[in-house]
Amino acid sequence: MQARQRDSLLVASLKDSLGGAVITFALACVMVGLKVDVASGRGAELFLEHRWFAVAVAVVTVFAGRFLMNMFFWKRDDAPSIGLSGFLPKGGLGNGTTSVLKYAMVALAVVLPFALMFWLGARGSRQYIDLAILVLTYVMLGWGLNIVVGLAGLLDLGYVAFYAVGAYSYALLAHYFGFSFWLCLPLAGILAAFWGIILGFPVLRLRGDYLAIVTLAFGEIIRVVLLNWYEFTGGPDGLSGIPRPSFFGLEFTRGEGGFADFFGLKFSSIHRIIFLYYLIFAMALFTNFVTMRLRRMPIGRAWEALREDEIACRALGINTTTTKLTAFALGAMFAGFAGSFFATRQGFISPESFTFLESAIILAIVVLGGLGSQIGVVIAAIVMIGGFEFFREFEEYRMLVFGMIMVVIMVWKPRGLISSRTPSVALSKNAKGISADLVQEGHG
């Protein structure tokens, strides 16, 4: 009897694995096996490169992986329950552990530029400080989207539109009116919040997939307008020469009156990079502070009530219109701040920087970190943005690895890396975190 069961298990596993291998072969032949490249020295002639070894590796990997999983887990009646959660504390991270982790991360972020300069020097540390700036930018964007998706439960696939509004607001105001960064920063946030309200009104009655489609369309509308309004936005050529921020009026330039001259330092271009790092670090901390404060206020509790059950929320007398609009506006405002910083950091912006892929990455950071979890967003941003930058030389396979990581985390940790939540209101100050399984994901 047992031998017959083993034979049937083996046959079923082989059939499933063979099917997966065939599908992988069909997809990999086009996506991996064929590559169009430009031949150097032959008048930029295009040629087709065949990479059948990579296809074979993909097919064998899928076949072996599915066969082992079928034999030992998926198709066995007595399969052992081994999951990623077994390597984490039961019930997630406690409040004490989370607090220690938060303070450790903040302390590390404060000393990071000087530690890198001490170990690698000014020249060697520049690329890593630039990478840290990029990670902090996505942390700020993730925290802003977390208000809309994590707290209010409204699925927004067009969040990059507000990012673009903030960037173009600063670039255009600086270009046409000569406004400084510090004057344009609040204006960019206000304009982005205004567009967030404009988006919020048409989607008040939409939920779930319909809400996601409309927000996706809104993000594409903004990008297409920026792309085609050539006389105002520069179209596909973008806007260049965007002014850099100053340190209380001190420009980071060589010579008299500059930052280095005022403080008696030897001029180095790393000074401006470090200043930008601490600027986005302060902006990210401000975003986190405002978000956490609002979460404990009536408006924050209204967001969470809307996420749990919109009908019950209305029955309690909560104005769902105002609740949704405030979530969209505040999330958009922080995206506008981040967009303004992105423009001044790059010195050049174009519509190609604000595609749907950016919205997908920001949403993936929020979902993988754990909906409503601030510390989870930080961890996910470090892994996704910082981790992938180190594998830039494998650019062709980055998105493949990205998809695999998404699948693995969603299978083993469907509620995100940080699967516990701190209650917004508790009877005791020592209240423990609750499991995310008890928290609704929201349907928009």
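These numbers come from a predicted model, not from an experiment.

Here is what the cut-offs are and how they apply
Residues numbered from 1 in each chain as written. Predicted model: local features only at pLDDT ≥ 70, side-chain atom pairs only at ≥ 80, totals over all residues. Heavy atoms only, no water. Helix = DSSP H or I, 4+ residues; strand = E, 2+ residues; numbered from the N terminus. Buried < 20%, exposed > 50% of the residue type's maximum accessible area, 1.4 Å probe, protein only. Contact = heavy atoms within 4.5 Å. Areas by Shrake-Rupley, 256 points an atom, 1.4 Å probe, with all protein chains shown as cover. pLDDT = per-residue confidence, 0-100. Core = buried A, V, L, I, M, F, W, Y, C linked by side-chain atoms within 4.5 Å. Salt bridge = Lys/Arg side-chain N within 4 Å of Asp/Glu carboxyl O. 1 Å grid on protein atoms, 1.4 Å probe; cavity = no way out; pocket = protein on both sides within 12 Å on 5 of 7 lines; lining within 4 Å. Points joined across faces, edges and corners; volume = space filled by probe spheres on them. Domains from an automatic or database assignment. Phe/Tyr/Trp six-rings, centres within 6.5 Å; stacked < 30°, edge-to-face > 60°. Axes fitted to C-alpha atoms, helices over the stretch in contact; angles between N-to-C directions. Parallel < 35°, antiparallel > 145°, perpendicular 65-115°, else oblique. Left-handed = near helix turned anticlockwise from the far one by under 90°. Expected span 1.5 Å × (residues − 1). Polar contact = N/O pair within 3.5 Å; in protein donor to acceptor, adjacent residues only side chain to side chain.

Draft legend 1. The arrangement of the overall build of the chain in detail. Helices and strands together make up the secondary structure of the chain, namely 15 helices and six strands. By the burial criterion, 43% of the 444 residues in the chain qualify as buried. The long-range fraction of contacts in the chain, counting pairs at least 24 apart against all pairs at least 6 apart in sequence, stands at 71%. Here the chain displays about 24200 Å² of accessible surface, and carbon together with sulfur accounts for 68% of that area.

Draft legend 2. Structural detail: the confidence of the model for the chain. Model confidence for the chain is summarised by a mean pLDDT of 82, while 84% of its residues fall at 70 or above. Of all the helices and strands in the chain, strand β6 (residues 434-435) carries the lowest mean pLDDT, 56, while helix α12 (residues 320-346) carries the highest, 93. Low pLDDT, under 50, characterises residues 83-91; the predicted model gives this stretch seven contacts beyond four residues in sequence or across chains.

Draft legend 3. Geometry of the nonpolar core. Counting 90 residues, the largest nonpolar core has Ile-349, Phe-354 and Ile-365 as its most contacted members. Of the residues forming this core, the biggest block, 18 residues, is contributed by helix α3 (residues 95-151). In contact with Ile-365, other than residues within four places in its own chain, are Tyr-138, Val-377, Ala-380, Ala-381, Met-384 and Ile-385. If you look at the next biggest cluster of nonpolar residues, it comprises six residues, including Ala-21, Ala-28, Ala-54 and Val-59.

Draft legend 4. Main features of the environment of Ile-318. Here Ile-318 shows up in the loop between α11 (310-315) and α12. Its relative accessible area of 25% is what places Ile-318 among the partly exposed residues. Spatially, the C-alpha atom of Ile-318 lies 8.9 Å from that of Ala-305, the residues being 13 residues apart in sequence. Filtering out sequence-adjacent residues up to four positions away, Ile-318 remains in contact with Ala-302, Ala-305, Cys-313 and Thr-323.

Draft legend 5. Local environment of the pattern of salt bridges. One pass over the structure, following the stated rule, counts six salt bridges. When the shortest N-O distance is used, the salt bridge between Arg-295 and Glu-304 registers 3.1 Å. Neither residue differs from the other here; Arg-295 and Glu-304 are each classed as buried. Bridged by salt links that share partners, the residues Glu-310, Arg-314 and Lys-324 form one connected network.

Draft legend 6. Quick look at the layout of surface pockets. Reported here for the second largest pocket is a volume of approximately 1200 Å³. Contributing to the lining of the second largest pocket are 26 residues, with Thr-24, Thr-61, Val-62, Leu-400 and Met-404 lying nearest its centre. Top contributing element to the lining of the second largest pocket by residue count: helix α2 (residues 52-74), with nine residues. Both of domain 1 (9-70) and domain 2 (97-438) provide at least three residues apiece to the lining of the second largest pocket.

Draft legend 7. Looking closely at the packing of aromatic side chains. If you walk through the whole model with that rule in mind, you get 23 aromatic pairs. Put simply, the rings of Tyr-159, Phe-162, Phe-194, Trp-195 and Phe-218 touch in pairs and so form one group of aromatic residues.

Draft legend 8. Spotlight on the packing of helix α4 (residues 160-177) against helix α5 (residues 181-200). For the pair α4 and α5, interaxial distance at closest approach is 8 Å and the crossing angle is 140°. On the basis of their axis angle, the class for α4 and α5 is oblique. Of the two possible hands of crossing, α4 and α5 adopt the one that is right-handed. Mapping the contact onto sequence places Phe-162, Val-165, Gly-166, Ser-169, Tyr-170, Leu-173 and Ala-174 in α4 and Phe-181, Cys-184, Leu-187, Ala-188, Leu-191, Ala-192, Trp-195, Gly-196 and Leu-199 in α5.

Draft legend 9. Quick look at the side chain of Ser-13. Mapping Ser-13 onto the fold places it in helix α1 (residues 2-31). For Ser-13, the contacting residues outside a window of four places in its chain are Phe-67, Asn-70, Met-71 and Lys-75.

Draft legend 10. Spatial organisation of helix α14 (residues 374-389). Its 16 residues give α14 an end-to-end C-alpha distance of 22 Å, which sits within 8% of 22 Å, the value for a rise of 1.5 Å per residue. All buried positions along α14 are accounted for by Gln-374, Ile-375, Gly-376, Val-377, Val-378, Ala-380, Ala-381, Met-384, Ile-385, Gly-386 and Phe-388. Two to three positions downstream of the cap, the backbone nitrogen of Gly-376 sits 3.0 Å from a side-chain oxygen, assigning the N-cap of α14 to Ser-373.

Draft legend 11. Structural context of the environment of Ala-56. In this structure, Ala-56 sits in helix α2. With 27 residues separating them in the primary sequence, Ala-56 and Cys-29 have C-alpha atoms 9.5 Å apart.

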